[in-house]
Amino acid sequence: MRWFSARFAAALLITIAPCGATGRAAPPVADCPTGPGCGPPREAVATDADPYAGMASDPALRGLATASCASATCHGGPRGGNHAVQSFAATTWVNADPHAKAYETLFTARSVRMARLLRIGPPHTERQCLVCHSVQDVSPHPLPRDVLADGVGCASCHGDATEWLEAHSLADWKGRSPADKAAVGFADLSGALERARVCARCHVGDADHDMHHDHVAAGHPRLYFELAQLQRRWPRHWNPHGRAESSPDFNARSWAVGQAVALEAAGTLLEARTARAAKAVRSGAPARWPEYTEFDCQACHRTLATAPVLAAGNPLPRQLPPGTPGWQPWFVTAAGVLDAGLDEPLAGTGADLAARVAALRRLLADEWAAADAARIERIAAEARGVVRVASRTAVTLAAAPDIRVAAAAHRLAPRAATDPRLWRGWDAAAQTTLALEADRRGGPAALGVHHAGDPPGPLDMLRESLLHPAGFDAPVGFDAERFQRQRADVP
Amino acid sequence: MGQVTRHPGTTQRRAAGSPFRPLGAAIVALAVSGAGACGAPPDALPVPQTPPADFTYKGAELCMRCHRSEQSEWCDVATSTAWRHDALFPANPRTRAMEEALGITAATTASCIACHTHPAAEPAPEEAIPEESNRFLHGGISCETCHGPGSGYFEPHLHANWRFLAAADKARLGMVDLRDPVRKTENCLGCHLGDARTGRVVPHAAYAAGHPPLGAFEVEAASAAMGPHWKRVWEKSERIQGLAATHDYHTEAASTSHRSLIAALVALKRSAFLVQEAAEVAGGTADAAPAVPGSAWPELALYDCQACHHDLVLPSRRQQVGYGGLVPGRPGLVRWPRRLAEAAFAVAEMPTAAEDIISPWVAALNGRPFGHPDDLRSPAGAGNAVARVDAAIAALAAVRRDGSLPARERQIAAVLGTVGERCTDLDGARPVGWVLSEAIRYADGWTAAERDLVRARLDTTLRLGIPGPPPRPDDPSPFWRSSLDAAAAFDPAVATEAFRLPAARPGASTSPRSSPAPQANPLRPVPGAAVPLELPATTVPR
């Protein structure tokens, strides 16, 4: 009964009285939007005679609840504990990891307003929210609220532990092969490729984790994904020894593999969306295409008062017809930087991927608002092509012995010249900056992060120039000229 | 865009074969001899049953022989200084930049000339572009664009008895009844809002390439700013007004504000039809090559610009404005006609929300982003919605101009004030402001100073002024740029304050105001000499 910690006992209590005030992430009753499961706590959960009478752990929850992992003798130990068994993993997670707060986010004013605008139930009861804001996506059945309250917990990334919870505490676990571990549902996350694919499920999206434009319109922030940066900023809750961090090219590899996986995920999501839309069109059902989050946010979302074309005309040559939104510049420029930024011996590895992405972008320029099923399916087919090439590229990069990034300006210049509108945008600037950071920061996680007190370097200045104004979820006022000047200052 | 349906008719002159020529000659003779006595029976002019489609365009030069005359009794284009439809096809740097970006030649592109030239203009062949003698192409919008092709009515309308023909009879001769506010509004909105059936759509690609935006449009305010080259029935002599009543041609509504309210209902209807008609023209999936690159279905320009074109910022103006039944994140129908139309419904004593009226189309737009052409072609409930709009139009059109007008204008002003206070965007507020500014001039219940104050406040807050064309065609900051700035910076709270009216005291003084009207206000005072009713503020000079 290792897993039956005090925390878990409390959690079970809350299961019975769903709106109880105990538990880390359970919101105050006053904040509970009216809905099933909300209301004052029921009385007399425990009796004097036997405080645990009638309480039995639900075997189905054992492998999902963070409490199963977080006992003090396992992963809930002190930071100075046994690093060989990641004794501090859950401790770090619960104290510093934003994923632990994913469920709480569903109770913020912004989330509640989103639900109101979307005319859905309270966000913490909606599967479409919970799949990324809790461990709900690991289980097909609705999970009790105290398990959801863990947010994105252990099982979200490491897999449902039902089959390996006990086994992985035994001495022979480390000796098992990755295939053996995978067979019982344990997700190996030691390499960049595996990590990126797990992260991308939510941070890019897929068929079951579809954060679409209705959500954005209601108030959800835009998603960005670049693995190397996220790892640098993310509090590490594992021992780096023997894992991706131990490699000297950790940052570069995370960046390169992460970008290929991001494109793989973006293609998968686009394919899922278009295939679903085509099917809906064929059956006469409401179809969600065009799906605006597939396109450049700033193409539409800027006040006309600041539209440069209305001011004096824009002399830069165009790749797309006027007034056509391009496919997400975040991913298009990611492919471009990946193609240009890989140094020998991998130079050219990203060329196929960049070409496929460019072809998809061209197709979408014509078909972005296609109404009939056959045309929408053409997009799905092209997206499949991107997925195939991105997959291959990601595997190649993950297996490559040494990855070096050289996001030098002269390498990107030819691209910028052929499509200056795209490459002068904020997304291109951000992708370029991230590549530079992957190149220059180096070292294992957390070592390359700028700490308060250090004098800001040119790269910090570059990053700063990308910040959105307060309150905005858009690069309002981004100055391409200034960015280029500052970029030239980066050694 | 796709296939462009143009007004029928060609540039050919068919005068020689006109069936009306002998009749016309006789009429001219009558008119010259002064034999056409006023009040003569309308049947002095036999009206042919030729369908208007067969009429051809004569060209504005013919009209100008009389109508440019300073002595013209009927219409003096020459003295309408603000006429600004004559040079709409300018060879300016913006046009050149647009042509380059779109890869087109404006003079040969149907969707450009549909609104920028005489309807008889056909796309010019390449070699004919600089040909200044192509008078139709270079003449801009001229008489027949609005009044209808002249071959049928040109000669009969010289007859002194012409004015006693019923509007329907004139229409059978090809002359459009522009006194009818419905007809006139449809006419103006054809270009100023758009009409896919006649190819009059500024495609989104054209906006993206630099076309100035089409903002909110209130027909009577625009007419006033343009400089009216006509007189309303109530501005004419009492003799004519008396005759008007017996000759069934005063379809003009009770006052300018009544006309505006009718026009608002038409605009609401047109805003709903825009996308539906584009779907019909698109014919399903619109695979046909668009006239302008990138302008195939869906035509983004037919939707609410601000639905997409807003900053991504919290708190969000877009969320404050609301969605009117739409799923958040979907572009909706053109928004600006709604609030004024709502006021029109209230004045017609059929209070309803504009969003309720357009809900059939909104439901179709919710089916998928932009709507599916098939769903939009005949949205369920559209017939009922149109019937409700038409009933309100009929109710407003039935109001006659009589002694109760100042009280009616007061009620209209009060309704507009209430509606205006709820406006959340500049484009929706301006039409309400224009009409309120007009209605309150003739309303009782407020002192002249109070009315002046309301008008001045509205003018400043909502930028009611409609300036003339820019001094230079390549003006880097034309007026519409600052309009866009103002729309982006619009503060509903400030507008609410501007729409708040002082408490009315029915029966209070309606004496003419003592102070001059705000100079920036475009609404021209109606010349007062011929007004038979005791109306206030009609003799105030501009």
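Reading the values: rules and limits
Residues numbered from 1 in each chain as written. Chains lettered and ligands numbered in written order. Predicted model: local features only at pLDDT ≥ 70, side-chain atom pairs only at ≥ 80, totals over all residues. Heavy atoms only, no water. Helix = DSSP H or I, 4+ residues; strand = E, 2+ residues; numbered from the N terminus. Buried < 20%, exposed > 50% of the residue type's maximum accessible area, 1.4 Å probe, protein only. Contact = heavy atoms within 4.5 Å. Areas by Shrake-Rupley, 256 points an atom, 1.4 Å probe, with all protein chains shown as cover. 1 Å grid on protein atoms, 1.4 Å probe; cavity = no way out; pocket = protein on both sides within 12 Å on 5 of 7 lines; lining within 4 Å. Points joined across faces, edges and corners; volume = space filled by probe spheres on them. Nonpolar A, V, L, I, M, F, W, Y, C, P; charged D, E, K, R; others polar. Buried area = accessible area lost by both parts, 1.4 Å probe. Salt bridge = Lys/Arg side-chain N within 4 Å of Asp/Glu carboxyl O. Polar contact = N/O pair within 3.5 Å; in protein donor to acceptor, adjacent residues only side chain to side chain. Core = buried A, V, L, I, M, F, W, Y, C linked by side-chain atoms within 4.5 Å. Domains from an automatic or database assignment. pLDDT = per-residue confidence, 0-100. Disulfide = S-S within 2.5 Å. Axes fitted to C-alpha atoms, helices over the stretch in contact; angles between N-to-C directions. Parallel < 35°, antiparallel > 145°, perpendicular 65-115°, else oblique. Left-handed = near helix turned anticlockwise from the far one by under 90°.

**Thoughts on the overall build of chain A**
What chain A contains, in helices and strands, is 22 helices and 0 strands. The buried share of chain A, taken over its 491 residues, is 50%. Nonlocal contacts in chain A, meaning residues at least 24 apart in sequence, comprise 73% of its contacts between residues at least 6 apart. Approximately 21500 Å² of chain A is accessible, and the part contributed by carbon and sulfur atoms is 58%.

**Focus on empty space enclosed by the protein**
Rolled over the atoms, a probe as big as a water molecule pinpoints where empty space is left. All names here are of chain B. Here the structure, examined in full by the defined rule, presents 7 cavities of 30 Å³ or more. Of the voids in this model, the largest cavity is the one considered here, and its volume is about 230 Å³. Residue lining of the largest cavity: 20 residues in total, with L214, A301, C305, V334 and W336 positioned closest to the centre. Along the lines of polarity and charge, the residues of the lining of the largest cavity split into 11 nonpolar, 4 polar and 5 charged.

**Observations regarding the interface of chain B and chain A**
Across the contact, 47 residues belong to chain B and 44 residues belong to chain A. Buried area between chain B and chain A, both sides added, is near 3700 Å², and the carbon and sulfur share of it is 58%. Viewed at the interface, chain A and chain B are joined by 1 salt bridge. A salt bridge links R330 of chain B to D214 of chain A; its shortest N-O distance comes to 3.5 Å. Taken together, chain B and chain A are joined by 14 residue pairs in polar contact (both at pLDDT 80 or more). Of all the elements in the fold, those that place two or more residues in the side of chain B that touches chain A are α3 (93–102), α9 (204–208), α13 (305–308) and α23 (479–488) of chain B. When residues in the side of chain B that touches chain A are grouped by element, the largest group, 5 residues, is from α23 of chain B. Of the residues assigned to the side of chain B that touches chain A, the class counts are 27 nonpolar, 13 polar and 7 charged.

**Here's the deal with the nonpolar core**
W255 of chain A together with L416 of chain B are the most contacted members of the largest nonpolar core, which totals 163 residues. The element contributing the most residues to this core is helix α12 (residues 256–282) of chain B, with 15 residues. Formed jointly, this core draws a minimum of three residues from each of two domains, domain 1 (6–32 + 55–188) and domain 2 (254–451) of chain A. Not counting residues within four places of it along the chain, the set of residues in contact with L416 of chain B comprises L261, L340, A343, V432, V435, L436, A439 and F499 of chain B. With 14 residues, the next largest nonpolar core counts Y103, L130, L143 and A149 of chain A among its residues.

**Some points on the confidence of the model for chain B**
Residue and element names in this part refer to chain B. Residues of chain B with pLDDT of at least 70 account for 70%, and the chain-wide mean is 76. Within the model, pLDDT remains below 50 along residues 284–289, and this stretch shows 11 contacts once partners closer than five positions in the same chain are excluded. When the criterion is pLDDT under 50, residues 511–542 qualifies, and its contacts beyond four places in sequence or with other chains add up to 78 contacts.

**Comments concerning the side chain of D169 of chain B**
By the element assignment, D169 of chain B lies in helix α7 (residues 167–172). Looking at D169 of chain B, its side chain comes within polar contact range of the side chain of R172 of chain B, at 2.5 Å.

**Remarks on the state of the cysteines**
Residues and elements named next belong to chain A. Tallying each qualifying case throughout the model produces 0 disulfides over all chains. Among the cysteines around C157, which has no disulfide bond, C199 carries the closest sulfur, lying 6.5 Å off. Here C297 is not disulfide-linked; the sulfur of C300 is the nearest cysteine sulfur, at 9.0 Å.

**Comments concerning the packing of helix α16 (residues 351–367) of chain A against helix α17 (residues 373–399) of chain A**
Helix packing for two helices is described by the angle between their axes and how far apart those axes are. Residues and elements named next belong to chain A. Running from amino to carboxyl end, α16 crosses α17 at an angle of 165°, the nearest separation of the two axes being 9 Å. In terms of axis orientation, α16 runs roughly antiparallel to α17. For the element pair α16 and α17, the recorded crossing hand is left-handed. Contacts from D352, L353, R356, V357, A359, L360, L363, L364, D366 and E367 in α16 reach R375, R378, I379, E382, A383, G385, V386, R388, V389, A390, R392 and T393 in α17.

**Thoughts on unusual backbone geometry**
In this model, W289 of chain A is joined to P290 of chain A through a cis peptide bond whose omega is 5°. Mapped onto the elements, P290 of chain A comes out in the loop between α12 (250–283) and α13 (297–300). Residue L314 of chain B is joined to P315 of chain B through a cis peptide bond whose omega torsion reads 0°. The residue A253 of chain B is not glycine, and still its phi comes out positive at about 75°. Residue classification places A253 of chain B among the buried positions, given a relative accessible area of 11%.

**Description of helix α15 (residues 337–347) of chain B**
All names here are of chain B. Burial of α15 is extensive: 10 of the 11 residues sit out of reach of the surface. Check the buried side of α15 and you find it contacts α12, α16 (354–357), α19 (382–397), α20 (405–420) and α21 (426–439). Looking one or two residues past α15, E349 carries a phi angle of roughly 60°, positive in sign.

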